[in-house]
Amino acid sequence: MKGSDLLVAALENEGVDRIFGVPGEENLDVVESLRRSSIELVVTRHEQPAAFLAATYGRLTGKPGVALSTLGPGALNFVTGAAYGFLGGMPMVLITGQKAIRQSRQAHFQIVDVVAAMRPLTKQSQQIVSASSIPTLVRNAFRIAAEERPGPVHLELPEDVAAEEAGDAPLVPAHAAELPVPSPEAIERASDLILAAKSPLLMFGAGASRPQLAPALSDFVRRVRIPFFNTQMGKGAVGGASDFYLGTAALSERDYVHKAIDRADLIVTIGHETVEKPPFLMSQGRHQVIHIGFVSATVEEVYFPQAEVIGDIAKGLDLLAGQLEGRLKTNPDWAVLRKDILDHITDRAEEDRFPLTPQRIVHDVRQVMPPDGIVALDNGMYKIWFARNYRTDVANTLLLDNALATMGAGLPSGMMAALLYPQRRVLVVAGDGGFMMNSQELETARRMKLNLVVLIIEDHAYGMIRWKQAVDGFADWGLTFDNPDFVAYAAAYGARGRRVTTASGLAPALEEAFSAGGLHLITVPIDYSENIRVLVDELRHMQDRNHLNREMKMRVQVFRLFEA
């Protein structure tokens, strides 16, 4: 058995059934070994989306996805995908080729130090120098990738090691990794802080969206009856239909959900990872914070918890609920505040304006997506609107990236969701800028016979940066472009294309596409004037009003002091 055969056998031993990527000359032994194996090689049109596919597999299953590339330029195209998985906490294994290491017949042609390049973007980056070591290195790579905090591992396989005879090197059996249970002292300390708080509040972060956690989180909320909000990547960890749901922190401050954050004297963060754009800005004397996570908190300028509960989150919450159940009273003011928050973020959701407003697009998408339907977002201005306005009842049904926040990941992410869950509706939502960064993967999606609908939100600009340009008072310059005819573009790839031309046309177009099955591309123009009206003017007015209210309260208190 040669090294490439042993590598593929080790991957089969880990339960790998698909590998995504673009092979090269240095991978030909591996390709031949894959041809004779049970593993399907899904050839993509670029290495970057192959890495996004592998990362999303890890995100949705908890098991590492695998991507393959050649050396040099191919391997370096994995860099963004590696960073995507590294910051997003997605387990994946990246396998790259390399020239022979025992001879140098091509000198330094195409050779760059990929192992070093990947080191800061992965949990481990390593070159395989001996075929007999492959089983151990592969087992270790999958273990490291999957254990908390999950992320990418990189293995480089030189072509002479792939071709080397490995003898009878045995495979290493996989085994379950147990997480430690939080200490009784930590549970008691957290319980005391929560019982002493007047207005405790829960927050679910990216780490709360691990596939296995959803039942434990919902049970905890049911037992302790504390209101909660979530970060962008924590959406759906507990269903948005819950009476205790207060909204999503799509911005770092001054949004309507921050009314609840401002009212809380204690915030219990569950699975919060500071790679996300901060959901709130912590400051001295504002409120206390308890961090509940698989690993200890990363202390930041805006996040420095006063207490931590570290270990298996599900078991920790069960123990904590045992201390709190039946001992907390829900403040009735939370229900009033909840209605106020949710009313504001759904305002004008059915407005018949054309081009469509962001609120209307989110509303219409929600109408055609069942509770278990999956929406995969690329990165753009619409992501904030979906994060604020889209209610999720099932974990991991709104896939977005608020860590690396890279454009170009939406289509591959949705493709993986459609591959894993062929019976569920899967919708990709991408801006015209982000879609074109990996639009070539439409061919891969068609070849894979995926049932997938892609919605392109068209504004002929890099909309989020254009919005920030306006907010910061800069001239509107340097961020616009032209687009192809997306309907014709879809047809060129063997997909069915459609253009929405009326305010009432989006929901029926989506419904017809899902009912027909196959690959569809729908484009809709958007009116982004709501970005300024809502996310700037309205929120600024709310902030000014809150400041005035605080000032009036202070004046009343001063008046009473003088009166006394």
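What counts, and where the lines are drawn
Residues numbered from 1 in each chain as written. Predicted model: local features only at pLDDT ≥ 70, side-chain atom pairs only at ≥ 80, totals over all residues. Heavy atoms only, no water. Pairing = 2+ DSSP bridges. Helix = DSSP H or I, 4+ residues; strand = E, 2+ residues; numbered from the N terminus. Contact = heavy atoms within 4.5 Å. Axes fitted to C-alpha atoms, helices over the stretch in contact; angles between N-to-C directions. Phe/Tyr/Trp six-rings, centres within 6.5 Å; stacked < 30°, edge-to-face > 60°. Buried < 20%, exposed > 50% of the residue type's maximum accessible area, 1.4 Å probe, protein only. Right-handed = clockwise from strand over helix to strand, strands pointing away. Parallel < 35°, antiparallel > 145°, perpendicular 65-115°, else oblique. Left-handed = near helix turned anticlockwise from the far one by under 90°. Nonpolar A, V, L, I, M, F, W, Y, C, P; charged D, E, K, R; others polar.

**As for the sheet that holds strand S14 (residues 398-399)**
Thought 1: Pairing is parallel in the open sheet, where 6 strands are placed in the order S14-S13-S15-S16-S18-S17. Edge positions in the open sheet fall to S14 and strand S17 (496-499), since each of these has one partner strand only.
Thought 2: Pairing of strand S16 (residues 452-458) with strand S18 (residues 519-525), which is carried by 7 bridges, proceeds in the parallel orientation. Counterpart to Leu 455 in the pairing with S18 is Ile 522.
Thought 3: Packed on one face of the sheet, helix H14 (residues 358-368) meets strand S13 (374-377), strand S15 (426-431), S16 and S18 and runs near 170 degrees to S16.
Thought 4: The strands touched by helix H21 (residues 506-516) are S15, S16, S17 and S18; relative to S18, the strand with the most contacts, the crossing angle is about 175 degrees.

**Some points on the packing of aromatic side chains**
Ring pairs (aromatic) are described by centroid distance and by the angle formed between their planes.
Thought 1: Throughout the structure, instances matching the rule amount to 9 aromatic pairs.
Thought 2: Aromatic pair Phe 204 and Phe 228: ring centres 5.4 Å apart, planes at 75 degrees, arrangement edge-to-face. Of this pair, Phe 204 sits in strand S7 (residues 200-204) while Phe 228 sits in strand S8 (residues 228-230), placing them 24 residues apart in sequence. Each member of the pair, Phe 204 together with Phe 228, is buried.
Thought 3: When the ring of Phe 486 is compared with that of Tyr 489, the centres are 6.5 Å apart and the planes differ by 85 degrees; the resulting orientation is edge-to-face.

**So, the sheet that holds strand S10 (residues 266-270)**
Thought 1: An order of S9-S8-S7-S10-S11-S12 is seen for the 6 strands of this open sheet, with the pairing classed as parallel. The open sheet terminates on both sides in strands that have one partner only, identified here as strand S9 (245-248) and strand S12 (307-310). Going across the sheet, the axis of each strand differs from the next one's by a mean of 20 degrees, ignoring polarity.
Thought 2: Where helix H10 (residues 214-224) meets the sheet, it contacts S7, S8 and S10, and its direction lies at approximately 170 degrees from that of S7.
Thought 3: Lying over the sheet, helix H13 (residues 333-345) contacts S7 and S9, oriented at roughly 35 degrees with respect to S9.

**Examining the side chain of Gln 469**
Thought 1: Within the secondary structure, Gln 469 is located in helix H19 (residues 463-471).
Thought 2: Residue Gln 469 is classed as buried on the basis of its relative accessible area, which comes to 14%.
Thought 3: Not counting residues within four places of it along the chain, the set of residues in contact with Gln 469 comprises Phe 474, Ala 475, Asp 476, Trp 477 and Leu 479.

**Some points on the pairing of strand S5 (residues 124-127)**
Thought 1: In this sheet, strand S6 (residues 152-158) lies alongside S5 in parallel orientation, the contact comprising 4 bridges. For Gln 124, the partnering residue across the bridge sits in S6 and is Val 153.
Thought 2: This β-α-β element, S5 to helix H7 (residues 134-146) to S6, shows right-handed connectivity.

**Some points on the environment of Val 295**
Thought 1: Positionally, Val 295 belongs in the loop between strand S11 (288-293) and S12.
Thought 2: For Val 295, a relative accessible area of 38% translates into the label partly exposed.
Thought 3: If near-sequence neighbours (up to four positions away) are discounted, Val 295 is found in contact with Glu 148, Arg 149 and Ile 310.

**Details of the packing of helix H3 (residues 47-61) against helix H16 (residues 410-420)**
Thought 1: In contact at an axis separation of 8 Å, H3 and H16 are set at 50 degrees when each is read in the N-to-C sense. In terms of their interaxial angle, H3 and H16 are classed as oblique. Like other packed secondary-structure pairs, H3 and H16 cross with a definite hand, here right-handed. Contacts between H3 and H16 involve Pro 49, Phe 52, Leu 53, Thr 56, Tyr 57, Leu 60 and Thr 61 from the former and Pro 412, Ser 413, Met 415, Met 416, Ala 417 and Leu 420 from the latter.
Thought 2: Per-class residue counts for the contact of H3 with H16 are 10 nonpolar, 3 polar and no charged.

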